[in-house]
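Now for the letters of each chain:
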Amino acid sequence: MNHTKTYYRVIYGDTDAMKIVYNANYLRFFEIGRNEFLRQLGFPYTELVERYDLQLPLAESTIKYKKPARYDDLIEIRSTVLELKNASVVMGYEICRRDTGEILVTGSTKHAFVDGEMKVVALRRQAPELKRAIERFMESGGIEEK
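The shown structure was predicted, so the numbers you read here are calculated from the model rather than taken from an experiment.

1. Brief notes about the overall build of the protein chain
Okay, so step 1: Each helix and strand counted, the protein chain has four helices and five strands in total.
Okay, so step 2: For the protein chain, the spread of C-alpha atoms along the principal axes amounts to about 45 × 35 × 25 Å.
Okay, so step 3: For the protein chain, the share of sequence-separated contacts (at least 6 apart) that also reach a separation of at least 24 residues comes to 66%.
Okay, so step 4: Of the roughly 8,300 Å² of accessible surface on the protein chain, a fraction of 48% belongs to carbon and sulfur atoms.
Okay, so step 5: Side chains of the protein chain carry 23 positive and 22 negative charges; the gap between the two charge centres is 3 Å.

2. Details of the nonpolar core
Okay, so step 1: The biggest cluster of nonpolar side chains holds 32 residues, and the ones touching the most others in it are Phe29, Leu41, Leu48, Leu54, Ile75, Ile95 and Leu130.
Okay, so step 2: For this core, the elements supplying multiple residues, two or more each, are helix 1 (25-41), helix 2 (45-52), strand 3 (74-84), strand 4 (88-97), strand 5 (103-112) and helix 4 (128-140).
Okay, so step 3: Sorting elements by how many residues they give to this core places helix 1 first, with six residues.
Okay, so step 4: Those residues in contact with Phe29, other than ones at most four positions away along the chain, are Tyr8, Asp14, Val21, Ile75, Ile77 and Ile95.

3. Details of the environment of Ile77
Okay, so step 1: Tracing the chain through its elements places Ile77 in strand 3.
Okay, so step 2: Of the residues examined, Ile77 reaches a relative accessible area of 0% and is grouped as buried.
Okay, so step 3: Sequence spacing of Ile77 and Glu135 is 58 residues, and the spatial spacing of their C-alpha atoms is 21 Å.
Okay, so step 4: Residue contacts for Ile77: discarding those within four places in its chain leaves Thr4, Lys5, Thr6, Tyr8, Phe29, Ile32, Gly33, Glu94 and Ile95.

Each value, and the rule that gives it
Residues numbered from 1 in each chain as written. Predicted model: local features only at pLDDT ≥ 70, side-chain atom pairs only at ≥ 80, totals over all residues. Heavy atoms only, no water. Helix = DSSP H or I, 4+ residues; strand = E, 2+ residues; numbered from the N terminus. Contact = heavy atoms within 4.5 Å. Areas by Shrake-Rupley, 256 points an atom, 1.4 Å probe, with all protein chains shown as cover. Lys, Arg positive; Asp, Glu negative; His and termini not counted. Charge placed at Lys NZ, Arg CZ, Asp CG, Glu CD. Core = buried A, V, L, I, M, F, W, Y, C linked by side-chain atoms within 4.5 Å. Buried < 20%, exposed > 50% of the residue type's maximum accessible area, 1.4 Å probe, protein only.

Take it as geometry only, folks, not as evidence of what the structure does.
Set out below in structure tokens:
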């Protein structure tokens, strides 16, 4: 499956007393991947808010823990679009150890498309360029590296 890659080094503040990444921090890692996915697509989140009056609040999340990431690990966050609907998007993630490619965590997040007043909006009306970019990503096999 096509995806974008974002690299992140686990800091001490991400871990618990055993120097293992605290479970809820994987949602932060998903957010890092999602933000970089949008940036690589050409739509940094700040532009979505300022230019398109578009926000993507979290509606659902799933996480499956396979193996722990630890302090100072360099991880790879793989992000993709699993489903695009008129007023929502489901993103999928894999968190891998960068040096071995071993998958540590998988998950997904579902986001509604809303305006600044938190009213649900149709992506094709609010940000048609973003909708086309996501569809191209899903159809073409990813984002071309520059």
